[in-house]
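For reference, the chains in residue letters:
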Amino acid sequence: MDRPAHLEQTIAETLEFEGIGLHSGAPVTMRLLPAPAGSGIVFRRTDLDNFEIPATGRNVAKVSYATSLMRQGVLISTTEHLLSALIGMGIDNVIVELDNLELPILDGSALPYVEAFLRAGIRTQRRRRETIRVLREVEVREGNKFIAVYPGSGYKIRYTIDFPAPIGREHTSIDLAAETYGAAIAPARTFGYKADEKRLRDMGLIRGAGPQNAIILGPRGPENGPLRFANEYVRHKILDLIGDLALAGRRIEGHVVAVRAGHAMHTALVQRLLKDRSAWELAHVPVKAAAEEEVETPAALSTPALIGA
Ligand SMILES: [Zn+2]
């Protein structure tokens, strides 16, 4: 079922998720509500008088292990997997209510979100979708880490990771315009090294982590069952990147290249891009495939007299 790519979308009905936060271990109930065209993605803490934090680069908090939003001292933590699923599935407007500080980790991937969106349905809205069209390159470099965005059609991502054994070096590319997100990216789970577990647990950073929501890596490979993809790790990094770049406020039209990057580098790119107003413009997504299915072209519009007028 093709939907017109030039119009904004929301979810067709309210969705509810329950779980625990990966980092805090805190129980949380999260509800996604359909939202009017033009409203974007807005988080709402129902445990704090419905305090709202829009998902924009302006509200990014400085946290290295997950992406968090903060406004007036109120925190919303680990937003990246949900935002990734929303951008990946072309959902522009939604209110995200949660009754605690961290989103549920679910199975460590974005697949539960994608499945829920498809079950509930996605509703087309009467407003032209805008993208952030990249006009010239913006790069962030830090030691041997690198991330950049370049002008180009569609939304393409090339990611290279270089982790200690047993992961090593992996790279892959994806063209999000090809509607591959749900099958190729969403199922990829987060991961962590068994060797780091005690240290991170003692620091209180992975109170909710376990084999049900993360790939646990021993010296020889994953300790909890088969991978969903041979290169699941780099696919998960792309999942995270899409979620972090969602904080630009709209889907990006351009080509992203990331090498050994992480949340801090991803969000640094968003902030540098947004700050440099000469590097991008807001552009309407062109009306094309949709025109054929929805609108009958009046005969007069296709007469030679009007071509080139
Ligand atoms: Zn992640």
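Presented here is an overview of the structure given in this document. This structure is a prediction, so every number in the text was calculated from the model and none was measured. Note that residues are indexed from 1 along each chain, following the sequence as it is written. Thresholds applied to this predicted model are a pLDDT of at least 70 for local features of residues and 80 or more for the giving and counting of side-chain atom pairs; totals over whole chains, interfaces and linings are not thresholded and use all residues.

**A word on the sheet that holds strand β18 (residues 221–222)**
Argument step 1. Two strands pair if DSSP finds at least two bridges between them. Secondary structure elements are defined from DSSP: runs of H or I of at least 4 residues count as helices, runs of E of at least 2 residues count as strands, and each element is numbered from the N terminus. The strand order across the open sheet formed by three strands is β16-β17-β18, and the pairing between neighbours is mixed. Each edge of the open sheet carries a strand with a single partner, namely β16 (191–193) and β18.
Argument step 2. As paired elements, β16 and strand β17 (residues 215–218) share three bridges and run parallel to each other. Counterpart to Y193 in the pairing with β17 is L217.
Argument step 3. By the convention adopted here, residues make contact when the C-beta atoms placed from their backbones lie within 7 Å. A fitted line through C-alpha atoms represents every axis, and for helices the fit uses only the stretch in contact; the resulting angles, taken between N-to-C directions, go from 0 to 180 degrees. Contacting β16 and β17, helix α4 (residues 194–202) crosses the sheet at an angle of about 90° to β16.

**A few points about the sheet that holds strand β5 (residues 51–54)**
Argument step 1. The mixed open sheet is built from five strands, whose spatial order is β2-β3-β9-β4-β5. Each having just a single partner strand, β2 (15–20) and β5 make up the two edges of the open sheet. Between one strand axis and the next, the sheet turns through 20° on average, direction left out of account.
Argument step 2. Pairing analysis gives five bridges linking strand β4 (residues 41–45) to strand β9 (residues 94–98), with the strands arranged parallel. Counterpart to I41 in the pairing with β9 is V94.

**Comments concerning the pairing of strand β14 (residues 155–163)**
Argument step 1. Pairing geometry for β14 and strand β19 (residues 252–259), over six bridges, is parallel. Within β19, the position partnered with K156 by the bridge is H255.
Argument step 2. Here β14 pairs with strand β15 (residues 168–175) via eight bridges, running antiparallel. From the neighbouring strand, D162 faces β15, where its bridge partner is R169.
Argument step 3. Where β14 hands over to β15, the hairpin turn is made up of four residues, counted between the paired strands.

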